[in-house]
Each structure stands twice: as structure tokens, then as C-alpha cells.
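# Structure assessment
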Amino acid sequence: MISKEGLRDFLARPRTSWKHVKRWSRADILEALDDEGIPRSFKTLPRKHQLASYYVCSLNRKFLLLLDMGTGKTKIVLDLLTAAIKRACAKGKRIQALVLVPKKVHMGSWQEQVAMHSDLTIDVAEAVNIERKWETIATSDADVVVIDYQGFGLAVCRRARVAGKTKLVRDDARVREL
């Protein structure tokens, strides 16, 4: 039998590897979520690896989801965002997520995934005009705002005269505002 002190010390250890979670059964992961007080109100049922990833990410402020393409990273992120937004609301606060996608074509995919896996609201900054992109990012009331990398780069810039030519330069005030 393991002593209570030994068990407490084991559970309090710094967690540098999460490989052991891969071996857990679905029931083990659900029990661990409950033990840690991590909410599990999913709109769509997560697959076992998604549930394990949700658990690990919920226990870490900083993480990377290094899962293969097509394994459901977007669903995991939406479940994490939903939980974070609910926690903030319970404290009388409001948070939003800014999602950067590699190509404009992925923005539609995010819209579909948000509708399928969550009840979050979404706004897509797909305007052609830089100022309209910025306006969408800066003033949206949506839970999730999606913009492509290039569009974001342009949205946090302003036009300036440099050596007699009009150029785009980073607008530090916009960056700080985010």
C-alpha cells in the first residue's frame, strides 16, 4: 500500500513528461479531469487522444499541440477556449481569442469547426482593406476572431512616409492594444 504522504508527493511532483497519460484509459482520463476540477462540458464527444490532450493542456498555461494533421487539434483548442471563457464569465470577466491561420482558405474551416464543436461566437477578419481588418480585430464582440497571418501582419501596420515613399510600418500602439 502506498502511503498518503508518498501519494501526495507523487501528485505534487513537477510534470515534465506527459507520456504516461497516453497509456491511461478513457475512464482514467475522465477521473483525472474530475480530480483536478477541470470542467468537461463538450459539445461533441472527444476521441481518447483529444481528451488526453485536453487534460494535459488544462494543467499547463503554456503548451504546444504537436499532433498530426487531421487529429482534431482545432476541437481541442475550442474545448479549451470554451472552458477558459466559462471560467472568466464565472469571475465576471470577458476574454476573447485571436486565432491566426496560415492561409485565408483556413478561415472558413475555423468557422465550420467552431459551429460543430462549440457554442462560441466567431468573427472572421477577411476584409481586403487594412483598416477594416484592424477594425474587426479591435472591436469584435465575438469569442473567437480569426485572421490569416498576412492579414494580421497588415492589420497591425500603418502607412507612413519613409524617405519620401509611402510604406507600411508596424504600429506599436495597435500591437499594445491587443
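A quick note: this is a predicted structure, and the numbers were derived from the prediction, not measured.

We now examine helix H3 (residues 26–36). Residues that lie three or four places apart on an α-helix share one face, since the helix turns once every 3.6 residues. Three or more residues of H3 are buried, namely Ile29, Ala32 and Leu33. Down the axis of H3, the smallest arc covering the buried residues is 100°, so these residues share one side. Every exposed residue of H3 that faces more than 90 degrees away from the buried side is listed here: Ala27 and Asp35. Where H3 is buried, its residues contact helix H4 (48–58). Two residues or fewer past H3, Gly37 is found with a positive phi of approximately 70°.

Right, let's get into the layout of surface pockets. Space inside the largest pocket adds up to approximately 1,000 Å³. Lining of the largest pocket is provided by 34 residues; of these, Leu65, Lys73, Thr74, Val77 and Trp110 occupy positions nearest its centre. The dominant element in the lining of the largest pocket, judged by the number of residues it contributes, is helix H5 (residues 73–90), at nine residues. A per-class count over the lining of the largest pocket returns 18 nonpolar, 11 polar and five charged. For the second largest pocket, the calculated volume is near 470 Å³.

Inspection of the secondary structure assignment puts Arg174 in helix H9 (residues 172–177). For Arg174, a relative accessible area of 9% corresponds to the buried category. A polar side-chain atom of Arg174 sits 2.8 Å from the main-chain carbonyl oxygen of Ala155. A polar atom in the side chain of Arg174 sits 3.1 Å from the backbone oxygen of Cys157. Once residues lying within four places of it in the same chain are set aside, the contact partners of Arg174 are Ile130, Glu131, Trp134, Ala155, Val156 and Cys157.

The tally for this structure, following the rule as stated, stands at eight salt bridges. Taking the shortest distance from any N to any O, the salt bridge between Asp79 and Lys75 comes out at 2.6 Å. Taken together, the positions of Asp79 and Lys75, both in helix H5 and four residues apart, correspond to about one turn of that helix. In this structure, Asp79 and Lys75 share a single accessibility class: buried.

A few words on unusual backbone geometry. Here the phi dihedral of Ala163 falls at roughly 55°; this positive angle occurs in a residue that is not glycine. Summarising the element assignment, Ala163 is placed in the loop between strand E4 (157–162) and strand E5 (165–170).

The terminal C-alpha atoms of H5 lie 26 Å apart, and with 18 residues this matches the ideal 26 Å at 1.5 Å per residue to within 8%. Those residues of H5 that fall on the buried side of the exposure criterion are Lys75, Ile76, Leu78, Asp79, Leu80, Leu81, Thr82, Ala83, Ala84, Ile85 and Ala88. Looking one or two places after H5, you find Gly92, whose phi comes out positive at around 75°.

Turning to a negative patch on the surface, a few remarks are in order. A cluster of acidic residues, Asp28, Glu31, Asp35 and Glu36, forms a negative patch at the surface. With respect to the helices and strands, the residue Glu31 is situated in helix H3. The partly exposed category is assigned to Glu31, whose relative accessible area is 47%.

Taken together, three strands build an open sheet; the order of strands is E1-E3-E2 and the sheet is parallel. Looking at which strands have only one partner, the edges of the open sheet turn out to be strand E1 (97–101) and strand E2 (122–124). In this sheet, adjacent strand axes meet at a mean angle of 25° when their direction is disregarded. Here E1 pairs with strand E3 (residues 144–148) via five bridges, running parallel. Each residue of the ladder has a partner; that of Val99, found in E3, is Val146. Across the face of the sheet, helix H7 (residues 130–139) comes into contact with E1, E2 and E3 while running at roughly 155° to E3.

Definitions and limits used
- Residues numbered from 1 in each chain as written.
- Predicted model: local features only at pLDDT ≥ 70, side-chain atom pairs only at ≥ 80, totals over all residues.
- Heavy atoms only, no water.
- Buried < 20%, exposed > 50% of the residue type's maximum accessible area, 1.4 Å probe, protein only.
- Helix = DSSP H or I, 4+ residues; strand = E, 2+ residues; numbered from the N terminus.
- Arc of directions from axis to C-beta.
- Contact = heavy atoms within 4.5 Å.
- 1 Å grid on protein atoms, 1.4 Å probe; cavity = no way out; pocket = protein on both sides within 12 Å on 5 of 7 lines; lining within 4 Å.
- Points joined across faces, edges and corners; volume = space filled by probe spheres on them.
- Nonpolar A, V, L, I, M, F, W, Y, C, P; charged D, E, K, R; others polar.
- Polar contact = N/O pair within 3.5 Å; in protein donor to acceptor, adjacent residues only side chain to side chain.
- Salt bridge = Lys/Arg side-chain N within 4 Å of Asp/Glu carboxyl O.
- Expected span 1.5 Å × (residues − 1).
- Patch = residues over 30% accessible without salt bridge, like charges linked within 9 Å, V, L, I, M, F, W, Y side chains within 5 Å.
- Areas by Shrake-Rupley, 256 points an atom, 1.4 Å probe, with all protein chains shown as cover.
- Lys, Arg positive; Asp, Glu negative; His and termini not counted.
- Charge placed at Lys NZ, Arg CZ, Asp CG, Glu CD.
- Pairing = 2+ DSSP bridges.
- Axes fitted to C-alpha atoms, helices over the stretch in contact; angles between N-to-C directions.

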